[in-house]
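What follows is each chain in one-letter form.
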Amino acid sequence: MDELRLREGWSQVWTVARSGVKVAALLFLVAIDVRVEAGSVADVDTKRLLNADGEPGAWFTGGRDYQQSYYSPLSGINKNNVRDLGFAWTYDIDAIAKLEATPVVVDGTMFTTGSRGEVYALDARTGRERWKFKPEVNPDVMRTLCCGPVNRGVAVWRGKVYVASLDGYLYALRAGTGAVAWKVDTIQDRSRSYSITGAPYIAKDRVVIGNSGAEFDARGYITAYDTESGKLAWRFFTVPGDPKKGFEHPELASAAKTWDPNSRWDVGLGGTAWDGMAYDPVLNLLYVGTGNGVPQQQRLRSPSGGDNLFLSCILAINPDTGRLVWHYQTTPGESWDYTATQKLILADLAIDGQVRRVLMQAPKNGFFYVLDRKTGELLSAKPYVNVTWATHVDLKTGRPQQTEQGDYSKEPKLVFPSTHGGHNWQPMAYNRDTGLVYIPAIELPEIFGMPSTPFVYRERRVNRGMLVLLPVAGPWGLDAEVAKHWPSIDVLSKGQPDYRPRTFLRAWNPIQQRLSWEIETTDASGYDGTGVATTAGGLVLQGRNLDELEGRLAMVDAERGVELHSIAVPGSIHAAPAVYSVAGEQYIAVLARGRDRGHVVAFKLGGSPSLEHHEANRDVAEGQPPVPRVGTAEQIALGEELFARTCVVCHADPSRAPDLTKMSRQTHDDFSGIVLKGTRAGRGMGSFADVLSETDAKAIHAYLIDAAWQVHNRKPGNTLSNNKTR
Ligand code: CA
């Protein structure tokens, strides 16, 4: 409504301006500014969130509602007519990295993000740009990202749009204009490797933000700021600092008792809250998922063991005070990168004849949890993927029963799930009509083991303290040098579940804790699957990717698990779509990562069947031989070691960073410039000149060319990079 008035207003401005009466135009601009100041554009508040069903056309938060359900009550696009879906519009985003945001759509405007905290405000009906915001981002941060430059979207609240930049600043923008209302530095110690990839969340009158960096040397925390002024309200650390230096808040004194006094306080310990949060306005509780430890092998981090609170936890915090109300730890003594940062869904479920206000999460550790969200009581937990690090979760104690198979501290073990988790950041969705949760599930183990050399803390570097290998052929898997010293996959996988990497769309009944149906969604775009949304039209919406540059949006019957239709899009889809309506017409919008730019793609019934600027060109033609080999065997071996220590955390998964066995001629030519001079810092690859010498870069290059030949010489179909049908 406001939006229509605003548009009409603008056309009046131009009519008036053309007739020369500039004063009227100026007065109107002032009027708009006053309206924006008063918060009448995108004026989301608690009342509107609580009445979200009364505004089915809006997508208010990342997960649409305060429950973060990724469910739209719209049914105009449904099982019966989904084949009539076509393109409504597209909008190009200046980003080449993976796009992980689900747009927020409110009052006719769509707000979404690029890969470093850029914000795009678009007319949700036409895709026309209203404004865009580009934060200045220090390229140094690119170095300390585990999984590429990404951003998971905005929060919209009372006329402001909140976004965090990759380098750790939180911005409040005016929703009508994109002007910066305030900006704060959320990083308390810039000598450590913090970054932000998550979206801000709103809890009453606070905007809350966490951070990333637990593969490096970050000590996790979340901070709450006053939504209006940006003033810091409170900060909650997710792990203690060195007890000798005292504790910032009382919860840390009790948390410290779950750590060895000789823990590696110097390394930061991790626990970063980099993605999932939710806020229940009725209970006035903010829920936060926390991340893995660092070093990741507990024996290096907290030698005598302990639960290591608050790693891998779900925290319930009073947003007024910042005090902890309850916590639940999913993985005590975390050693497998099992974050509990995955998105949290709030729902009311009838359990044993009683309606319970629950919180649901499918964290990386492979168990699906249902907790009473008022008390934190564990109601149920069952594996939604293959799990071998634990046998089950004891409902009385709330604790998992860990297994010998999960202990890789003495010898390498094949462990399910992998460091990718049974489910990662990609949103799952809850459909209250079917009663099912749709999980983008990952069936993938990894071989976990210890390096042969003792752990040495390296500042602002990867400090995992353990090694993982994918159970696939190829340079980052079974052909790695270390694999030659470890037992073979045949030995390691004996008696274990199927270790082939696969992804599934799993429809999970959260009350019965069992699988209702599944579709295999394995593709070659990476290991993690893609985000999910669901609708009252009986649909589950999810991306499928041919590879990192070409995907399609699939529409699945929410009850039966049958794919009804799909539409090809110019790029790979990773995030969940948003579903909304403007002026009575329903749309589905999703972000796609293209070759040299990203796209926002919107669909509607009766839309255009194809896009004109579909991108078909690729970085490297498939099947062409790599560039000629360089370097000696010693150089290649050194390159492999350096690569494993410095590069593999990003570059082993093509959805996170380019597959370096498929480098273009141009990339080969500028290899040392890229690695040492930061010539691609703008694209997410910062300079490593402070940790790698010219000799090191040459060795890594020689190793990568060797690895490319290994891949090339293998029969097509045997490796991740060549396999399109796995
Ligand atoms: Ca991690």
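Keep in mind that what you see is a predicted model, and the values were worked out from it rather than measured.

J.: An account of the overall build of the chain is requested, with residue identities and associated values reported.
T.: On a plain count of helices and strands, the chain comes out with 11 helices and 41 strands. At 25 Å, the chain has a C-alpha radius of gyration in line with the 27 Å of a compact globule built from 726 residues. Across its three principal directions, the C-alpha atoms of the chain cover 80 × 60 × 50 Å. Evaluated residue by residue, the chain yields a buried proportion of 63% over its 726 residues. Expressed as a percentage of contacts within the chain between residues at least 6 apart in sequence, the contacts between residues at least 24 apart total 62%. For the chain, the exposed area adds up to about 26600 Å²; of that, 51% sits on carbon and sulfur atoms. Charge-centre separation for the chain: the mean point of 80 positive side chains lies 1 Å from the mean point of 82 negative side chains.

J.: Give me the state of the cysteines: which residues, what numbers.
T.: Enumeration over the complete set of coordinates arrives at one disulfide. Residue pairing for Cys 146: its cysteine sulfur links by disulfide to Cys 147, the two sulfurs lying 2.2 Å apart. The sign of the -100 degrees torsion about the S-S bond sets the Cys 146-Cys 147 disulfide as left-handed. With a relative accessible area of 18%, Cys 147 lands in the buried category. Cysteine Cys 313 remains unbridged, with the sulfur of Cys 146 as its closest cysteine sulfur at 20 Å. Since its relative accessible area comes to 0%, Cys 313 is described here as buried.

J.: Describe the coordination of the calcium ion, with residues and values.
T.: Tetrahedral metal sites with four donors have an ideal angle of 109.5 degrees; octahedral sites with six donors have ideal angles of 90 or 180 degrees. Those protein atoms acting as donors to the calcium ion are Glu 215 (OE), Glu 215 (OE), Asn 292 (OD1) and Asp 337 (OD), and they sit at 2.3 to 3.0 Å. Mapping the donors of the calcium ion onto the primary sequence yields the spacing E-x76-N-x44-D. Of this pair, Glu 215 sits in the loop between β12 (206–209) and β13 (221–226) while Asn 292 sits in the loop between β17 (285–289) and β18 (293–294), and the two are 77 residues apart along the sequence. Residue class for Glu 215 comes out buried when judged on its relative accessible area of 9%. Classification of Asn 292 by relative accessible area gives buried; the value is 2%.

J.: Residue-level account of the sheet that holds strand β6 (residues 129–133), with values.
T.: The four strands are arranged β3-β4-β5-β6 in an open sheet whose pairing can be described as antiparallel. In the strand order of this sheet, the two ends are held by β3 (104–106) and β6, each with one partner. Mean inter-strand twist for the sheet, computed between neighbouring axes without regard to direction, equals 15 degrees. For β3 and strand β4 (residues 109–113), the ladder comprises three bridges, and the chain directions are antiparallel. Within β4, the position partnered with Val 105 by the bridge is Met 110.

J.: With reference to specific residues and values, describe the confidence of the model for the chain.
T.: In low-pLDDT regions, the fine details of the predicted coordinates are not to be read closely. On average, residues of the chain score 90 in pLDDT, and 91% of them reach the 70 mark or higher. Here residues 1–39 is a poorly scored stretch, pLDDT under 50, and it has 29 contacts once near neighbours within four places are set aside; other chains count. In this model residues 613–621 is a low-confidence stretch, pLDDT under 50, and it forms 24 contacts with partners more than four residues away in sequence or in other chains.

J.: Give me the packing of aromatic side chains: which residues, what numbers.
T.: Going through the model one piece at a time under the given rule, you end up with 24 aromatic pairs. Arranged with centres 4.8 Å apart and planes meeting at 25 degrees, the rings of Trp 476 and Phe 643 form a pair that is stacked. Of this pair, Trp 476 sits in the loop between β31 (467–469) and α6 (489–492) while Phe 643 sits in helix α7 (residues 633–646), and the two are 167 residues apart along the sequence. With a relative accessible area of 11%, Trp 476 lands in the buried category. Ring-pair connections join several aromatic residues into one group, and the members of that group are Tyr 328, Trp 336, Tyr 338, Phe 367, Tyr 369 and Trp 389. Sitting above the plane of the Phe 688 ring, Arg 143 keeps its charged end 4.6 Å from the centroid.

J.: I'd like a rundown of the environment of Thr 102, residues and numbers included.
T.: Its place among the elements puts Thr 102 in the loop between β2 (85–93) and β3. Thr 102 gets classed as buried once you look at its relative accessible area, which sits at 6%. Separated by 354 residues in sequence, Thr 102 and Val 456 have C-alpha atoms that sit 39 Å apart. If we skip the residues at most four places from it in the chain, Thr 102 touches Trp 59, Gly 62, Tyr 70, Ala 575, Ala 576, Pro 577 and Ala 578. A polar contact is formed between the side chain of Thr 102 and the backbone oxygen of Ala 576, at a distance of 2.7 Å.

J.: Give a description of helix α11 (residues 694–713) that names residues and reports values.
T.: Spanning 20 residues, α11 covers 29 Å between terminal C-alpha atoms, matching the ideal 28 Å at 1.5 Å per step. Counting buried positions along α11 yields 14 of 20 residues, so the element is predominantly enclosed.

J.: An account of the sheet that holds strand β36 (residues 550–557) is needed here, citing residue identities and associated values.
T.: Strand order in the open sheet formed by five strands is β1-β34-β35-β36-β37, with mixed pairing between adjacent strands. Two strands bound the open sheet, and with one partner strand each, they are β1 (71–72) and β37 (563–569). In this sheet, β36 lies alongside strand β35 (residues 539–547) in antiparallel orientation, the contact comprising eight bridges. Along β36, the bridge assignment pairs Arg 544 with Arg 552.

J.: Tell me about the side chain of Ser 418, and please be specific about residues and values.
T.: Position of Ser 418 relative to the elements: it lies in the loop between β27 (413–415) and β28 (429–431). You can call Ser 418 buried: its relative accessible area is 0%. Dropping the residues within four chain positions of it, Ser 418 is found in contact with Trp 336, Tyr 338, Leu 444, Pro 445, Glu 446 and Phe 448.

J.: Break down the environment of Pro 454 for me, with residues and values.
T.: Mapping Pro 454 onto the fold places it in the loop between β30 (446–449) and β31. On the accessibility criterion, Pro 454 (69% relative accessible area) is exposed. For the pair formed by Pro 454 and Leu 300, sequence separation is 154 residues and the distance between their alpha carbons is 9.5 Å.

J.: Can you lay out the pattern of salt bridges for me, pointing to particular residues and giving the numbers?
T.: Overall, the coordinates contain 43 salt bridges when judged by the stated rule. Residue Glu 118 pairs with Arg 116 through a salt bridge whose shortest N-O separation is 3.7 Å. The class for Glu 118 is buried, based on a relative accessible area of 5%. Among the salt bridges present, the one from Arg 665 reaches Asp 669, with a minimum N-O distance of 3.5 Å. Separated by four residues within a single helix, Arg 665 and Asp 669 lie in helix α9 (residues 665–669), roughly one turn from each other. On the accessibility criterion, Arg 665 (53% relative accessible area) is exposed. Taking relative accessible area as the criterion, Asp 669 reaches 57% and is therefore assigned exposed. Members of the salt-bridge network, linked through shared partners, are Lys 79, Asp 557, Glu 559 and Arg 560.

J.: Which residues make up unusual backbone geometry, and what values do they have?
T.: Residue Pro 295 is bonded to the preceding Val 294 through a cis peptide linkage, with omega at -10 degrees. Looking at where Pro 295 falls in the secondary structure, it is placed in the loop between β18 and α5 (298–301). Pro 417 follows Phe 416 through a cis peptide bond whose omega is -10 degrees. Here Pro 417 shows up in the loop between β27 and β28. A positive phi angle, close to 55 degrees, is found at Gln 68, a residue other than glycine. On the basis of relative accessibility, which here comes to 7%, the residue Gln 68 falls in the buried class.

How each quantity is defined
Residues numbered from 1 in each chain as written. Predicted model: local features only at pLDDT ≥ 70, side-chain atom pairs only at ≥ 80, totals over all residues. Heavy atoms only, no water. Helix = DSSP H or I, 4+ residues; strand = E, 2+ residues; numbered from the N terminus. Rg over C-alpha atoms; globule rule 2.2 N^0.38 Å. Buried < 20%, exposed > 50% of the residue type's maximum accessible area, 1.4 Å probe, protein only. Contact = heavy atoms within 4.5 Å. Areas by Shrake-Rupley, 256 points an atom, 1.4 Å probe, with all protein chains shown as cover. Lys, Arg positive; Asp, Glu negative; His and termini not counted. Charge placed at Lys NZ, Arg CZ, Asp CG, Glu CD. Disulfide = S-S within 2.5 Å. Donors = N, O, S within 2.8 Å, 3.2 Å for Na, K, Ca; no water. Pairing = 2+ DSSP bridges. Axes fitted to C-alpha atoms, helices over the stretch in contact; angles between N-to-C directions. pLDDT = per-residue confidence, 0-100. Phe/Tyr/Trp six-rings, centres within 6.5 Å; stacked < 30°, edge-to-face > 60°. Lys NZ or Arg CZ within 6 Å of the ring centre and 35° of its normal. Polar contact = N/O pair within 3.5 Å; in protein donor to acceptor, adjacent residues only side chain to side chain. Expected span 1.5 Å × (residues − 1). Salt bridge = Lys/Arg side-chain N within 4 Å of Asp/Glu carboxyl O.

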